[in-house]
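# Fold and geometry: a report
So you can see what is in the structure, the chains are spelled out below.
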Amino acid sequence: MNAINKLIKHIENTTYEQLPQTTTDAVKTFVLDSMGVGISGSRVPSVQQVKAGLATWGTAKHAQVWNTGEWLPANAAAVMNGYQIHNQEWDCVHEPAVVHPMAVILSALMAYGQRENISGKQLILGVTIAVDVATLIGASATSGLKFFRPSVCGCLGATAGIAAMMSIRGDTLKNALGIAYSQLSGTMQAHVEGSPMLPIQIGLNASNAINAVDMAQAGFSGPKDILEGPFGYFNLFEDSYDLGYFNENIGQHFQIEKVSHKPFPTGRAGHGAIDGLLTLKNKHHFAIEDIEKVTISATPLINRLVGRPIKENMDVSYAKLCNGYIAATALITGNVTVQDFEPAVLNCKTRLDLGKKIITQLNDCQDVNALAPVCVEVQLYSGEHYKIALNAILGNPARPLSRTAQIEKFNVACMSAKKALTTQQINKLIFSIDELEQMQNINQLISLTINNH
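Scope of this entry: the structure provided in the associated data block.

Scoring rules and cut-offs
Residues numbered from 1 in each chain as written. Predicted model: local features only at pLDDT ≥ 70, side-chain atom pairs only at ≥ 80, totals over all residues. Heavy atoms only, no water. Buried < 20%, exposed > 50% of the residue type's maximum accessible area, 1.4 Å probe, protein only. Helix = DSSP H or I, 4+ residues; strand = E, 2+ residues; numbered from the N terminus. Arc of directions from axis to C-beta. Contact = heavy atoms within 4.5 Å. Core = buried A, V, L, I, M, F, W, Y, C linked by side-chain atoms within 4.5 Å. Salt bridge = Lys/Arg side-chain N within 4 Å of Asp/Glu carboxyl O. Axes fitted to C-alpha atoms, helices over the stretch in contact; angles between N-to-C directions. Parallel < 35°, antiparallel > 145°, perpendicular 65-115°, else oblique. Left-handed = near helix turned anticlockwise from the far one by under 90°. Phe/Tyr/Trp six-rings, centres within 6.5 Å; stacked < 30°, edge-to-face > 60°. Lys NZ or Arg CZ within 6 Å of the ring centre and 35° of its normal.

Let us look at helix α3 (residues 47–54). Those residues of α3 not exposed but buried are V47, V50, K51 and L54. Angularly, the buried residues of α3 cover 100° about the axis, an arc narrow enough to put them on a single face. Turned more than 90 degrees away from the buried face of α3, the exposed residues are Q49 and A52. Residues of α3 that are buried make contact with α4 (74–86) and α10 (197–217).

See the structure below:
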């Protein structure tokens, strides 16, 4: 049985009742996390440009934009909420796949689910299957990213997730996946340039998943051999692949349990520098004025994604993916927050000067998709030298965020929204997500994200 048929069997045969408690708990954990960062994403000024661009997509009132509450067609709402989840680089990541699974998936499933009035149990099943499909495909790649894997794999995952929660099977399921595959979009060029188009690629692929299911349910046909065919995903989007991880995990280990939190609103590739530097500074209490040099020895992927030089007049998208700026911010403030990427602080001379002392270089890792290990070294003018090696970065399942830290992140995110939520609203959201399997209609959940005042 080839890979796509194994996935179809997995989608068709997995039921909510089969999910272990650890899986449903993980779904709720990352629904909470993703909704929090999506609510916060409403604060980004370019959200208004995206809304203006979507204004011609129709007047249907299927689903709502998180926090601000506008009613839009389902596919347009998916674009908006996907954009808001990813526009601050604060959303979770599946490290083996190098896929931000929940950005495309949750925005698509929530928008479709609002239109169709799905239950919490349907959403939990849909998210579980969607994350499996997106990450098992992504983790099969053995070559470096060319296409933006979070968006392209996310679209296939979201399509599968909608099908699972709506009990779509047989030819309609196969056609939906084929139609979704035919719409996949998003390249790493936006990442290289630090372009705000990067999170739009997330939103567009969330929309594509909804469009694919709608077309398939209308009876339209799509290609079938979309993974291993001559122009299937593995042969067209990736340079090489290995189905070992795929075959070992499908139907055995639900991948939502292997997802990593992002404690800081910046690229996951920059988290090792933050983690290491904050650990060293808290232990040794050195002053930033005493630092002669910081060396971050990291994997090829980390060097590629965040090894870019710090410079004056960076825009937000560039700074979020610049190890020099990220690390300097952590050293100066003791944290990295959404406020650290406001235009007013991007040209802070202290940060720019310190950032120029930070070097990112290759370590011995040969895996082009690895986000660890990372080694952080601080050299002081006094001759003192401090070093830490990290095999897992804070937020990884091997070093998970505590429940307290998760709730703290959610509170901070919701309070940073365009229309900040009150403590009472935040607590209601947390309670509702904790009891997600009891919810009869997820419109109740979306309504709690909205501040009408």
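Our focus in this paragraph is the nonpolar core. Among the nonpolar cores identified, the biggest contains 147 residues, and M110, Y233 and I256 are the most heavily contacted of them. It is helix α6 (residues 120–138) that contributes the most residues to this core, eleven residues altogether. Those residues in contact with I256, other than ones at most four positions away along the chain, are T23, A26, V27, F30, M102, V127 and V131.

It is worth spelling out the side chain of S140 at this point. In this structure, S140 sits in the loop between α6 and α7 (149–165). Residue classification places S140 among the buried residues on the basis of a relative accessible area of 0%. Not counting residues up to four positions away in its chain, the partners in contact with S140 are F234, S240, Y241, D242, L243 and F246.

Pairing between side chains of opposite charge can happen when the charged atoms of each approach one another. Taken as a whole and assessed by the stated rule, the structure comprises 14 salt bridges. Of the charged contacts in the structure, one is a salt bridge between R268 and E95, with a shortest N-O distance of 2.9 Å. Taken together, the residues R268 in the loop between α12 (244–249) and α13 (271–284) and E95 in the loop between α4 and α5 (101–116) connect sequence positions 173 residues apart. What emerges from the salt-bridge pattern is a single network uniting R115, E116 and D214.

Our next topic: the packing of helix α19 (residues 403–415) against helix α20 (residues 423–434). One way to put it is that α19 packs onto α20 with a least axis distance of 10 Å and a crossing angle of 130°. On the basis of the axis angle, α19 is oblique to α20. The interaxial crossing formed by α19 with α20 has right-handed handedness. Mapping the contact onto sequence places R403, I407, F410, N411, C414 and M415 in α19 and T423, I426, L429, I430 and D434 in α20.

Following the criterion strictly, the structure yields seven aromatic pairs and no others. With centroids separated by 4.5 Å and ring planes inclined at 15°, the aromatic side chains of F234 and Y241 adopt a geometry described as stacked. With relative accessibility at 30%, the residue Y241 sits in the partly exposed group. Among the aromatic residues, ring-to-ring pairing joins F147, Y181, Y233, F234, F237 and Y241 into one connected group. Over the ring of Y318 we find K311, and its NZ or CZ is 4.3 Å from the ring centre. Its end group placed over the ring of F341, K320 keeps NZ or CZ at 3.9 Å from the ring centre.

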